[in-house]
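# Summary of the model geometry
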Amino acid sequence: MNNRHFKTHGERQIYKLLQRSPADQYHFYYEPRLMVETGSLKPDFVVVSAALGVIVLEVKDWKRIISGSQQEFEIETSEGQIIPLQNPV
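These numbers come from a predicted model, not from an experiment.

Now for the nonpolar core. Formed by Phe 6, Tyr 15, Leu 18, Phe 28, Tyr 30, Phe 45, Val 47 and Val 59, the largest nonpolar core amounts to eight residues. Within the residue set of this core, elements represented by two or more residues are helix H1 (9-19), strand E1 (26-30) and strand E4 (45-49). Aside from chain neighbours lying at most four places away, what touches Leu 18 is Phe 28, Phe 45 and Val 47.

Given below as structure tokens:
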């Protein structure tokens, strides 16, 4: 998996973090294709743990959250764009 192309900086960071997790307790998959009743889904990571079960991660490429309320919030992307988003995303 060393030559894997990551779409975002956040995905690269999460991959590095997951690589350091104890292999006897956690197994993870990058961009697995999951089949569900409504079609095919492709989350960024799926982590399988005997103690915690299955964890599905979708990594957002946000540099920081600028402001937020119950209705919406503003984020700054890693490219410097300021984007308003409805809450919850």
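Pairing in this open sheet of three strands is antiparallel, and the strands run E6-E7-E8 from one edge to the other. Looking along the sheet, the strands with just one partner apiece sit at the ends: strand E6 (62-68) and strand E8 (82-86). Each adjacent strand pair in this sheet contributes to an overall mean axis angle of 30°, direction not counted. Here E6 runs beside strand E7 (residues 72-77); their pairing, made up of five bridges, is antiparallel. Looking at the pairing, Gly 68 lines up with Phe 73 of E7.

A few words now on the pattern of salt bridges. Enumeration according to the criterion identifies one salt bridge in this entry. For the salt bridge of Arg 64 with Glu 76, the shortest nitrogen-to-oxygen distance reads 2.6 Å. With Arg 64 in strand E6 and Glu 76 in strand E7, this residue pair connects regions lying twelve residues apart in the sequence. Exposure remark for Arg 64: the relative accessible area of 46% places this residue in the partly exposed category.

Read across the open sheet, the three strands follow the order E1-E4-E5; overall the sheet is antiparallel. Looking at which strands have only one partner, the edges of the open sheet turn out to be E1 and strand E5 (53-57). Neighbour-to-neighbour, the strand axes of this sheet turn through a mean angle of 15°, independent of strand direction. Strand contacts of H1: E1, E4 and E5, with the helix running at about 20° to E4, the strand carrying the most contacts.

Each value, and the rule that gives it
- Residues numbered from 1 in each chain as written.
- Predicted model: local features only at pLDDT ≥ 70, side-chain atom pairs only at ≥ 80, totals over all residues.
- Heavy atoms only, no water.
- Core = buried A, V, L, I, M, F, W, Y, C linked by side-chain atoms within 4.5 Å.
- Buried < 20%, exposed > 50% of the residue type's maximum accessible area, 1.4 Å probe, protein only.
- Helix = DSSP H or I, 4+ residues; strand = E, 2+ residues; numbered from the N terminus.
- Contact = heavy atoms within 4.5 Å.
- Pairing = 2+ DSSP bridges.
- Axes fitted to C-alpha atoms, helices over the stretch in contact; angles between N-to-C directions.
- Salt bridge = Lys/Arg side-chain N within 4 Å of Asp/Glu carboxyl O.

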